[in-house]
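Residue strings, one per chain:
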Amino acid sequence: MPVTISSARTAGGFVKKIKELSGENLHLCYQCGTCSGGCPAASHMDLSPRQIIHLARLGLDEDIAGCRTVWVCASCLACTVACPRGFDLSRLMEAIRQLALRKRADHVGPEDIPPEKRRELPQIAMVSGLRKFSG
Ligand code: SF4
Ligand code: SF4
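Note that this is a predicted model, so its numbers are computed, not measured.

Caption draft 1: Expanded view of the site of ligand 2. All residues adjacent to ligand 2 are C39, P40, P49, C73, A74, S75, C76, L77, A78, C79, S90 and M93. Residue assignment for the shell around ligand 2 shows that the elements contributing at least two residues are α7 (78–82) and α8 (89–101). Taken together, the residues that form the shell around ligand 2 break down as 10 nonpolar, 2 polar and no charged.

Caption draft 2: Focus on the packing of aromatic side chains. Applying the stated criterion across every chain, the model contains 1 aromatic pair. For the ring pair W71 and F133, a centre distance of 6.1 Å and an interplane angle of 40° mean the geometry is tilted. Here the residue W71 occupies a position in helix α6 (residues 69–72), and F133 occupies one in helix α10 (residues 123–133), the gap between them amounting to 62 residues. With a relative accessible area of 9%, W71 lands in the buried category. For the cation-ring pair, R85 lies above Y30, with the distance from its terminal atom to the ring centre recorded as 5.4 Å.

Caption draft 3: View of the nonpolar core. I18, I52, I64, L89 and L92 are the most contacted members of the largest nonpolar core, which has 30 residues in total. Secondary structure elements with two or more residues in this core: α2 (13–22), α4 (49–57), α6 and α8. With 7 residues, the single largest contributor to this core is α8. When near neighbours in sequence (up to four residues on either side) are disregarded, I52 contacts L47, I64, C67, T69, V70, L92, M93 and I96.

Caption draft 4: Layout of the pattern of salt bridges. For the structure shown, the criterion picks out 6 salt bridges. With a shortest N-O distance of 3.8 Å, R91 and E24 are connected by a salt bridge. Linking R91 in helix α8 with E24 in the loop between α2 and α3 (34–38), this pair joins segments that are 67 residues apart in sequence. Note on R91: relative accessible area 42%, which makes it partly exposed. Here E24 falls in the buried class, since its relative accessible area comes to 15%. In this structure, E120 and K117 form a salt bridge, with 3.6 Å as the shortest nitrogen-oxygen distance. Of this pair, E120 and K117 both sit in helix α9 (residues 115–120), 3 residues apart, which is roughly one turn of the helix. Residue E120 is classed as exposed on the basis of its relative accessible area of 58%. K117 sits in the partly exposed class, given a relative accessible area of 40%.

Caption draft 5: Quick look at the site of ligand 1. The immediate surroundings of ligand 1 are formed by C29, Y30, Q31, C32, G33, T34, C35, R50, I53, C83, P84 and R85. Of all the secondary-structure elements, those providing two or more residues to the shell around ligand 1 are α3 and α4. Looking at side-chain class alone, the shell around ligand 1 contains 7 nonpolar, 3 polar and 2 charged residues.

Cut-offs and rules
- Residues numbered from 1 in each chain as written.
- Chains lettered and ligands numbered in written order.
- Predicted model: local features only at pLDDT ≥ 70, side-chain atom pairs only at ≥ 80, totals over all residues.
- Heavy atoms only, no water.
- Near = heavy atom within 4 Å.
- Helix = DSSP H or I, 4+ residues; strand = E, 2+ residues; numbered from the N terminus.
- Nonpolar A, V, L, I, M, F, W, Y, C, P; charged D, E, K, R; others polar.
- Phe/Tyr/Trp six-rings, centres within 6.5 Å; stacked < 30°, edge-to-face > 60°.
- Buried < 20%, exposed > 50% of the residue type's maximum accessible area, 1.4 Å probe, protein only.
- Lys NZ or Arg CZ within 6 Å of the ring centre and 35° of its normal.
- Core = buried A, V, L, I, M, F, W, Y, C linked by side-chain atoms within 4.5 Å.
- Contact = heavy atoms within 4.5 Å.
- Salt bridge = Lys/Arg side-chain N within 4 Å of Asp/Glu carboxyl O.

Encoded structure:
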């Protein structure tokens, strides 16, 4: 699939917003892939952490929008500790989630959890999960 990259995109609203929300310099990343190699959740992701950074800084938000990766990321910081460039990928993942949730599109809402599961799940898991997955 052809991808069009333009300065309008790389300097566009999506890139500005994720920079502002994450506080991270997206240009630090040199695409070595160390983050993807050490991510404990990578096998459940459809885009690797390395790919997320690359798509994000190119302003290709529509390629990120429907992906599982940012929701699967457990913010464990393994990638941040290992990154030779000091890039905090968990902050970028959080920024992308925040932008999605601000569109009032919950990834998982309370109504998506079956009543029997609601009774079984520890309250702390419900609260922390809904804080991550709903706006
Ligand atoms: S480890 Fe750091 S420099 Fe390497 S791809 Fe991941 S974020 Fe980029
Ligand atoms: S913070 Fe997210 S992307 Fe980084 S290693 Fe942990 S689960 Fe993977």
